[in-house]
Amino acid sequence: MTPPRIAIYPGSFDPITRGHEDLAIRSLRFADRVIVAVAVNGQKQPLFGVEERVALIRETVQHPAVEVQAFEGLLVEFAHRVGATLIVRGLRAVSDFEYEFQMALMNRNLAPGLETVFLMPAFDLTYLSSSLVREVARFGGDVSPLVHPAVLKALKAKFRP
Ligand code: PNS
């Protein structure tokens, strides 16, 4: 029997958007299990704490083949611990490319057995990012088509308590 193909989908997810949701589910076309891996110590100062981000992803992506875990330290080490052979990242625009290319090559340097796969988001979600969602929500704009209702509620609680 062939072992299950495990993919990790890493990121900050601050917060998870409909675009992330789409990619997590899309990854199941080539992976048997997807682990959404939430970086604890990203470079940015997050709006949502790691526990909040994990809880929001769990509420948003309810699929038996998708699980959510926080990780600290190097992504390749986390991948090794959970037995993943694939890293999934989304590529939205050309502007994403350089950073993604550098990360993919560095990760391959660190762990040659681990392959990075880039997925394009759904057409209408191409220009979506967590930072834009945060900014629009901060100033009271409507982000309801862009995030799950649980995320909308959490954003409202942060900005309009
Ligand atoms: O959503 P983001 O912020 O673009 O995700 C970036 C993330 C978390 C995938 C990246 O910063 C990462 O992998 N961090 C873990 C530490 C690590 O392994 N860094 C080296 C990457 S080459």
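Everything below is about the structure printed above this text.
A. Fine view of unusual backbone geometry. Cis geometry marks the peptide bond from Asp14 to Pro15, where omega comes out at 0°. Secondary-structure assignment places Pro15 in the loop between strand 1 (6-11) and helix 1 (18-26). In this structure, Phe13 is a non-glycine residue whose phi angle is positive, near 50°. Following the sequence through the fold, Phe13 ends up in the loop between strand 1 and helix 1. Residue class for Phe13 comes out buried when judged on its relative accessible area of 4%.

B. Fine view of helix 6 (residues 149-159). Those residues of helix 6 lying buried are Ala150, Val151, Leu152, Ala154, Leu155 and Phe159. In this structure, the buried residues of helix 6 make contact with helix 2 (50-60) and helix 5 (130-138).

C. A look at the sheet that holds strand 4 (residues 86-90). Spatially, the five strands line up as an open sheet ordered 3-2-1-4-5, and their pairing is parallel. Where the open sheet ends on each side, the last strands, each with one partner, are strand 3 (66-71) and strand 5 (115-119). Direction aside, neighbouring strands of the sheet carry axes that sit 30° apart on average. Both strand 1 and strand 4 contribute to a ladder of two bridges, which runs parallel. The partner of Ile8 across the bridge, within strand 4, is Ile87. Across the sheet, helix 3 (residues 75-82) touches strand 1, strand 2 (33-39), strand 3 and strand 4, and the angle it forms with strand 1 is around 150°.

D. Quick look at the site of the ligand. Taken together, 14 residues lie around the ligand, and Ser12, Lys44, Gly73, Leu75 and Arg89 are the ones closest in. Between Ser12 and the ligand, the recorded distance is 2.6 Å, taken from a side-chain N or O atom to an oxygen atom. Against a free-state accessible area of 550 Å², the protein chains account for coverage of 77% of the ligand. Of all the elements in the fold, those that place two or more residues in the shell around the ligand are strand 1 and helix 4 (94-110).

The rules behind each value
- Residues numbered from 1 in each chain as written.
- Predicted model: local features only at pLDDT ≥ 70, side-chain atom pairs only at ≥ 80, totals over all residues.
- Heavy atoms only, no water.
- Helix = DSSP H or I, 4+ residues; strand = E, 2+ residues; numbered from the N terminus.
- Buried < 20%, exposed > 50% of the residue type's maximum accessible area, 1.4 Å probe, protein only.
- Contact = heavy atoms within 4.5 Å.
- Pairing = 2+ DSSP bridges.
- Axes fitted to C-alpha atoms, helices over the stretch in contact; angles between N-to-C directions.
- Near = heavy atom within 4 Å.
- Polar contact = N/O pair within 3.5 Å; in protein donor to acceptor, adjacent residues only side chain to side chain.
- Areas by Shrake-Rupley, 256 points an atom, 1.4 Å probe, with all protein chains shown as cover.

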